[in-house]
Amino acid sequence: MSIFQTGPFSIRGKFERILERTFIPEPSNKTRDGRNSIDGCTNRPLKMVPKNFAEHAEKFFAANVTITKQLELASEVRASIEIAHTSEYANWLKAYFDVFLKLLKDNPPMPGQDTGENESIKLRNVIYEILSRLPHNEVLRPYESQLLECTLTPLREENEKNALVCMRIAFD
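Predicted model only: the values in this text are computed from it and were never measured.

Draft legend 1. Structural context of the nonpolar core. Within the largest apolar cluster, 35 residues are counted, with the highest numbers of intra-cluster contacts made by Phe-60, Trp-92, Leu-93, Tyr-96, Phe-100, Leu-131 and Leu-134. Those elements giving two or more residues to this core turn out to be α2 (53–58), α3 (67–79), α4 (89–106), α5 (119–132), α6 (144–152) and α7 (160–171). Looking at which element gives the most residues to this core, the answer is α4, with 11 residues. Apart from the residues lying within four places of it in its own chain, the contact partners of Leu-93 are Leu-134, Val-139, Leu-140 and Tyr-143.

Below, the structure written as C-alpha cells:
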C-alpha cells in the first residue's frame, strides 16, 4: 500500500483527521475574556472571501459611519492581512489601498495630540500597521510612490508610535 492511497495511516488519512479536528470559530469583536475589542486585538481572525473586498471597503465611507466603526472595519482588515500572501493580493490592493489613503487624508495627524486614546490616532495606527505588513513585490510596485508619499508627508506631525511605523514602511 502506498502512502498516498487512502486509509487511516496514509498521508491523506492523516490530513483528513487533522481537518476534522480543526475548529474555526465565528468572527467576533469579543476578546477571550469577554470584553469588546475595538482595536482588533481579538484572537479570532475574520476570514474575508475575495468577493467581499470591494463590498467591505465601501463600508468605510457609508452614510452615518463613525470613526469608531471605521476603526472596527480597519481592525477586521488587519486581522485578515494574511490574504496579502495569496493570489488575491492584487484584488485586495485594488479594493483597499485607495480607501486607506483617503482615510489617512481625511483624518490628518493633530500636532500636540500624542495620546493613544484618540480614535483618530488609533485608526491611523491600524492603517499604518496594515501598510507595513504588505509584501513588497511586483503587485505593490504601482502603488509604491503613493505609499511613500502617504507615510513620509505626515511624518513631522505624527505621534511617535505612528511615526515609527511610517519610517518602517519607508525603509522597507
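Draft legend 2. Examining unusual backbone geometry more closely. Located in the positive-phi region is Asn-64, a residue other than glycine, with phi close to 65°. Topologically, Asn-64 is positioned in the loop between α2 and α3. On the basis of relative accessibility, which here comes to 77%, the residue Asn-64 falls in the exposed class.

Draft legend 3. Region of interest: α7. The end-to-end C-alpha distance of α7 is 16 Å, a good match for the 16 Å that 12 residues give at a rise of 1.5 Å each. The complete set of buried residues in α7 reads Asn-162, Ala-163, Val-165, Cys-166 and Ile-169. Buried residues of α7, viewed axially, fall in a sector of 160°; they line one side. Along α7, exposed side chains directed more than 90 degrees from the buried face belong to Glu-160, Lys-161, Leu-164 and Phe-171. Looking at the packing, one finds that the buried side of α7 touches α5 and α6.

Draft legend 4. Region of interest: the confidence of the model for the protein. Of the residues in the protein, 67% have a pLDDT of 70 or more, and the chain-wide mean is 77. In the model, residues 22–28 has pLDDT below 50 throughout and makes five contacts with residues more than four positions away in sequence or in other chains. Confidence drops under a pLDDT of 50 for residues 35–46, and excluding neighbours within four residues, the segment shows 29 contacts in the predicted structure.

Draft legend 5. Focus on the packing of aromatic side chains. For the coordinates displayed, the defined rule picks out six aromatic pairs. With 6.3 Å between their ring centres and 80° between their planes, Phe-60 and Phe-100 make a pair best called edge-to-face. Of the two residues, Phe-60 sits in the loop between α2 and α3 while Phe-100 sits in helix α4, which places them 40 residues apart along the sequence. By relative accessible area, Phe-100 is classed as buried at 1%. Measuring from ring centre to ring centre gives 5.3 Å for Trp-92 and Tyr-96, while their planes differ by 45°; the resulting arrangement is tilted.

Draft legend 6. Fine view of the pattern of salt bridges. Enumeration according to the criterion identifies five salt bridges in this entry. Residue Lys-102 is joined to Asp-106 by a salt bridge in which the shortest nitrogen-to-oxygen separation is 3.1 Å. Placement of the pair is Lys-102 and Asp-106 together in helix α4, with a separation of four residues, close to one helical turn. Among the charged side chains, a salt-bridge network with shared partners connects Glu-138, Arg-141 and Glu-144.

Draft legend 7. Inspection of α6 at higher detail. For α6, every residue scored as buried is listed here: Leu-147, Cys-150 and Thr-151. The buried residues of α6 all sit within an arc of 95° when viewed along its axis, so they share a single face. More than 90 degrees from the buried face of α6, the exposed residues found are Ser-145 and Glu-149. Packing partners of the buried residues in α6 comprise α4, α5 and α7.

Rules used in this analysis
- Residues numbered from 1 in each chain as written.
- Predicted model: local features only at pLDDT ≥ 70, side-chain atom pairs only at ≥ 80, totals over all residues.
- Heavy atoms only, no water.
- Core = buried A, V, L, I, M, F, W, Y, C linked by side-chain atoms within 4.5 Å.
- Buried < 20%, exposed > 50% of the residue type's maximum accessible area, 1.4 Å probe, protein only.
- Helix = DSSP H or I, 4+ residues; strand = E, 2+ residues; numbered from the N terminus.
- Contact = heavy atoms within 4.5 Å.
- Expected span 1.5 Å × (residues − 1).
- Arc of directions from axis to C-beta.
- pLDDT = per-residue confidence, 0-100.
- Phe/Tyr/Trp six-rings, centres within 6.5 Å; stacked < 30°, edge-to-face > 60°.
- Salt bridge = Lys/Arg side-chain N within 4 Å of Asp/Glu carboxyl O.

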